[in-house]
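# Coordinates in review
Residues per chain are reported as follows:
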Amino acid sequence: MSPEMPESMAARICAALARAGVTVWIDGGWGVDALLARQTRAHGDLDLVVAAADLEPLLARLDEMGFAVIDSPDQRAWNFVLGDDAGHRIDLHVVVFETSGDGIYGPPENGESYPAPAFAGRGDLAGQQVHCMTAEFQIANRRGYALRDVDLHDIRVLRAAFGI
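For the structure given in this document, a descriptive report is provided here. Predicted model, so just to flag it, every value in this text is computed and none were measured. (Residues numbered from 1 in each chain as written. Predicted model: local features only at pLDDT ≥ 70, side-chain atom pairs only at ≥ 80, totals over all residues. Heavy atoms only, no water.)

Applying the stated criterion across every chain, the model contains five salt bridges. A salt bridge links Asp 154 to Arg 142, with the shortest nitrogen-to-oxygen separation between them at 2.9 Å. Placement of the pair is Asp 154 in helix H5 (residues 149-162) and Arg 142 in the loop between helix H4 (135-140) and H5, with a sequence separation of 12 residues. With a relative accessible area of 7%, Arg 142 lands in the buried category. (Salt bridge = Lys/Arg side-chain N within 4 Å of Asp/Glu carboxyl O. Helix = DSSP H or I, 4+ residues; strand = E, 2+ residues; numbered from the N terminus. Buried < 20%, exposed > 50% of the residue type's maximum accessible area, 1.4 Å probe, protein only.)

Given below as structure tokens:
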């Protein structure tokens, strides 16, 4: 099992990227907890969505922080994992924004995208205001695969907090 991604590290990463002028949206478990402004469970990684136009400065800033791309079995040009020597992991999701505001995820012919309204989420991570995917998207995005206990937990806390 990989080390936990603590809130302090997740917040440090997001703050460093913001200072570098890179906008990211927190997705996954930390995205859920940012929406709730409190940690509800342990997290093995930090899921970030970034515009392809910001990928180079994002990678440069994370390199300065000791993160590098690591091999992962499902690695793709638009979805890959970065790690540091302490075992912290960032799962990066790269999108290309259309004029509609939708974020195309992967080759357009795949038909995968993040809908524009999903990027409207705002949250709090260790007292820092952050962009994150909306609660509605977080729940909808947990379809199409076998749900793990952490996914069921995330759905429960989102539904309770937001009345979804």
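Further remarks concern a nonpolar patch on the surface. A contiguous nonpolar surface patch, about 240 Å² in accessible area, is contributed by Tyr 145, Leu 147 and Leu 152. Tracing the sequence through the fold places Leu 152 in helix H5. (Patch = residues over 30% accessible without salt bridge, like charges linked within 9 Å, V, L, I, M, F, W, Y side chains within 5 Å. Areas by Shrake-Rupley, 256 points an atom, 1.4 Å probe, with all protein chains shown as cover.)

Let us now look at the pairing of strand S2 (residues 46-51). The buried count for S2 comes to six of six residues, which makes it a mostly enclosed element. Side chains of S2 alternate between two faces, with Leu 46, Leu 48 and Val 50 and Asp 47, Val 49 and Ala 51 buried alike. Bridge count for strand S1 (residues 24-27) against S2 is four bridges, and the pairing is antiparallel. Across the sheet, Trp 25 pairs through a bridge with Val 49, a residue of S2. Bridge count between S2 and strand S5 (residues 89-97): six bridges; the pairing is parallel. Bridging from a neighbouring strand, Leu 46 pairs with Ile 90 of S5. (Pairing = 2+ DSSP bridges.)

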